[in-house]
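Remarks on the overall topology
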Number of protein chains: 2
Amino acid sequence: MAVMTTAADTSEEGCGDARSVYRAACPCRDMLDLLANKWSALALGALEDGPRRFGALRTRLQGVSPKVLTQTLRRLEEHGLVDRTVYAEVPARVEYRLTPLGADACAPLAHLRSWVEQNIDRFPGG
Amino acid sequence: MAVMTTAADTSEEGCGDARSVYRAACPCRDMLDLLANKWSALALGALEDGPRRFGALRTRLQGVSPKVLTQTLRRLEEHGLVDRTVYAEVPARVEYRLTPLGADACAPLAHLRSWVEQNIDRFPGG
DNA sequence: TCTCCTGGTACCCATTGGGTACCATGGCAG
DNA sequence: CTGCCATGGTACCCAATGGGTACCAGGAGA
């Protein structure tokens, strides 16, 4: 996943000062990879106005398969962008909600989504 | 690529009115997939302040392999975000530059990149 | 007992991401 | 005249990942 190519980061050890997505070894790279992703962008946006259950998210993100949705949500959870709460009910109820960090991340992603929707006609064959 | 699942878009045929990245059949989905991508976001950003040659881009996007860079740029070209100009010199010189559409797309992507760089410390283990 | 509901997981396959090696062209050093 | 280099890729290969379908658990309700 992290590239960590042999050379390339000769003068950068873990990106001491200059945080930059353009540096291969900077953790920013991984975060960008996490957020700059179709399903992440959609999932975070779907949680923007409150907690949602797995099934509700599956409906909102039309065309997502359960496996991919699970993967996406787990990855977002690992990185502290969403919280996952399991209620011991029957049938099991699971709620996903944004963390404060996740809520903040929504802003740039919302810009991106709405830019796409507003400019789709400008794309060749769009 | 486009999912086009059997059901799911029963009431949507190519997303007639409601443009939404949340609809599986909407072309917005493909555009989001194109832009919400690590290398696309980096490549477009690298072209923000003027045309760049292939080699220069390769240097800027630390850790990118030539093949992946080519793929990324070609895909952006296909979708009208960048222009590719080959100069018949020796050795061949190839310049990439943003189209007006590509330049516009840079804004939301720049937000995303800088959000990541400014919030990287808030990530667990960041 | 049989079925339904939720929120997944197991398993499998195709696509793709990605790396390394190599190529074509002509200038230029030798 | 012969390498050798630089640029901008492509060819080939592999592993990971994306993604789909099938299935499961576990109790409620009929």
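What comes next is a walk through the structure. (Residues numbered from 1 in each chain as written. Chains lettered and ligands numbered in written order. Predicted model: local features only at pLDDT ≥ 70, side-chain atom pairs only at ≥ 80, totals over all residues. Heavy atoms only, no water.)

Moving on to the interface of chain B and chain A. Taken together, the contact between chain B and chain A spans 49 residues of the former and 49 residues of the latter. Here chain B meets chain A over a buried area of about 4,600 Å², counting both sides, of which 68% is carbon and sulfur. Counting the surface chain B buries against chain A, the share from its top three residues, B:Tyr22, B:Lys38 and B:Gln62, is 16%. Counting every contact that joins chain B to chain A gives 6 salt bridges. Close ionic contact of A:Asp104 with B:Arg122 constitutes a salt bridge, the shortest N to O distance being 2.7 Å. There are 16 residue pairs in polar contact (both at pLDDT 80 or more) connecting chain B and chain A. Secondary structure elements with two or more residues in the side of chain B that touches chain A: helix H1 (27-35), helix H2 (38-46) and helix H5 (100-119) of chain B. Element by element, the count of residues in the side of chain B that touches chain A is highest for H5(B), at 12 residues. Grouping the amino acids of the side of chain B that touches chain A by side-chain chemistry returns 28 nonpolar, 9 polar and 12 charged. (Contact = heavy atoms within 4.5 Å. Buried area = accessible area lost by both parts, 1.4 Å probe. Salt bridge = Lys/Arg side-chain N within 4 Å of Asp/Glu carboxyl O. Polar contact = N/O pair within 3.5 Å; in protein donor to acceptor, adjacent residues only side chain to side chain. Helix = DSSP H or I, 4+ residues; strand = E, 2+ residues; numbered from the N terminus. Nonpolar A, V, L, I, M, F, W, Y, C, P; charged D, E, K, R; others polar.)

The subject of this paragraph is the relation of the copies chain B and chain A. Take chain B, turn it by 180 degrees, move it 0.0 Å along the axis, and it overlays chain A with an RMSD of 0.0 Å. Given the turn and translation reported, the copies of this chain are related as if by a two-fold rotation axis. Of the C-alpha atoms belonging to chain B, the one lying closest to the rotation axis is found on B:Ala36, 2.1 Å away. The share of interface residues of chain B whose copies in chain A are also at the interface is 100%, consistent with both copies meeting through the same surface. (Least-squares fit on C-alpha atoms with pLDDT ≥ 70 in both.)

In this section: the sheet that holds strand E2 (residues 82-87) of chain A. Residues and elements named next belong to chain A. Spatially, the 3 strands line up as an open sheet ordered E1-E3-E2, and their pairing is antiparallel. At either margin of the open sheet sits one strand with a lone partner, and together these are strand E1 (52-53) and E2. Pairing analysis gives 2 bridges linking E1 to strand E3 (residues 93-98), with the strands arranged antiparallel. Each residue of the ladder has a partner; that of Arg53, found in E3, is Glu95. Contacts from helix H4 (residues 66-78) reach E2 and E3 within the one sheet, and its direction differs from that of E2 by about 115 degrees. (Pairing = 2+ DSSP bridges. Axes fitted to C-alpha atoms, helices over the stretch in contact; angles between N-to-C directions.)

Another aspect to go through is the side chain of B:Ser20. Positionally, B:Ser20 belongs in the segment before H1. A polar atom in the side chain of B:Ser20 sits 2.9 Å from the backbone nitrogen of B:Tyr22.

This brings us to the packing of H2(B) against H5(B). Residues and elements named next belong to chain B. Where H2 contacts H5, the two axes come as close as 10 Å, and the packing angle between them is 110 degrees. Relative to H5, the element H2 lies roughly perpendicular. Like other packed secondary-structure pairs, H2 and H5 cross with a definite hand, here left-handed. Residues Ala41, Leu42, Leu44 and Gly45 of H2 form the contact with H5, whose own contacting residues are Cys106, Leu109 and Arg113. For the contact of H2 with H5, the per-class residue count stands at 5 nonpolar, 1 polar and 1 charged. (Parallel < 35°, antiparallel > 145°, perpendicular 65-115°, else oblique. Left-handed = near helix turned anticlockwise from the far one by under 90°.)

With that settled, the discussion passes to the pairing of E3(A). Working note: regular strand, side chains alternate between the two faces of the sheet. Burial runs high along E3(A): 5 of the 6 residues are buried. Where E2(A) hands over to E3(A), the hairpin turn is made up of 5 residues, counted between the paired strands. (Buried < 20%, exposed > 50% of the residue type's maximum accessible area, 1.4 Å probe, protein only.)

When you line up the elements, A:Asp33 lands in helix H1 (residues 27-35). For A:Asp33, a relative accessible area of 25% puts it in the partly exposed group. Sequence separation of A:Asp33 and A:Val21 is 12 residues, and the distance between their C-alpha atoms is 9.6 Å. Apart from the residues lying within four places of it in its own chain, the contact partners of A:Asp33 are A:Arg75 and B:Lys38.

To continue, consider helix H4 (residues 66-78) of chain B. Residue and element names in this part refer to chain B. In this model H4 runs 18 Å from its N-terminal to its C-terminal C-alpha over 13 residues, within 8% of the 18 Å that 1.5 Å per residue would give. Looking at H4, one finds that the buried residues are Leu69, Thr72, Leu73 and Leu76. Here the buried residues of H4 occupy an arc of 95 degrees about the axis, which is enough to place them on one side. Exposed and facing more than 90 degrees away from the buried side of H4 are Lys67 and Glu78. On its buried side, H4 packs onto H1, H2, helix H3 (54-60), strand E2 (82-87) and strand E3 (93-98). The first or second residue beyond H4 is Gly80, which carries a positive phi of 75 degrees. (Expected span 1.5 Å × (residues − 1). Arc of directions from axis to C-beta.)

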